[in-house]
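# Secondary and tertiary structure notes
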Amino acid sequence: MPDEPFSVNFPAAVLFADMQNFTLLAERLTREDPRLGVQKLASYLDIYIGRLVDIITEGGGDIVKFAGDACFAIWTVPESENGVAVTPRSGALGKAVRLAVHCGLEIQKHLHNFKVDDDVTL
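Let us look at the structure shown here.

Here is what the cut-offs are and how they apply
Sequence positions are assigned chain by chain, starting from 1 and proceeding in written order. Owing to the predicted nature of the model, reporting of local features is limited to residues with pLDDT of at least 70; listing and counting of side-chain atom pairs is limited to 80 or more, with chain, interface and lining totals taken over all residues. As a rule here, side-chain values come from all non-hydrogen atoms in the structure, and water together with hydrogens is ignored. For two strands to count as paired, DSSP must find a minimum of two bridges between them. For the purposes of this entry, the term helix denotes a DSSP run of H or I that reaches at least four residues, the term strand denotes a run of E that reaches at least two, and both are numbered from the N terminus. Only protein chains enter the calculation, and the probe is 1.4 Å; a residue is then buried if its accessible area is under 20% of its type maximum, exposed if over 50%, and partly exposed in between. Along the arc lie the directions from the helix axis toward the C-beta atoms.

## Topic: the pairing of strand S2 (residues 62-67)
With five bridges joining them, S2 and strand S3 (residues 70-76) adopt antiparallel strand pairing. In the strand pairing of S3, Phe66 is matched with Cys71. Between S2 and S3, which pair antiparallel in sequence order, lie two residues; one of them, Gly68, sits at a positive phi of approximately 65°.

## Brief notes about helix H1 (residues 22-32)
By the burial criterion, the buried members of H1 are Phe22, Leu25, Ala26 and Leu29. The buried side chains of H1 occupy one side of the element, clustering within an arc of 100° when seen end-on. Turned more than 90 degrees away from the buried face of H1 sit Thr23, Leu24 and Arg31, all of them exposed.

## Quick notes on the pairing of S3
A large share of S3 lies buried, amounting to five of its seven residues. In this structure, strand S1 (residues 12-18) lies alongside S3, joined through seven bridges in antiparallel fashion. Bridging from a neighbouring strand, Ala13 pairs with Trp75 of S3.

See below:
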């Protein structure tokens, strides 16, 4: 672990995925029964986030940050392909963008209106 902040620059495609209406669900569940509501919410998150992680990793992405009910994933551009250095003209960044877009579409396809319980859809 570093002792102080540092930065690294590299080309990559970035995907931000956020659950719609998660805050409203959290408020509703904890208002009804705080203890049970938190347990249910954790269970729903485990199911939903688990599937989200699977879709992103199956699509070649790396999750770099979770922020509450959202996550950031990246598709980095390799330094070389088949022993040849990658240049801006090689199309590698475009490929990373296409992979991230495809992953976003897969997330929408599989997780839009995803039912985690009889009366709970995320």
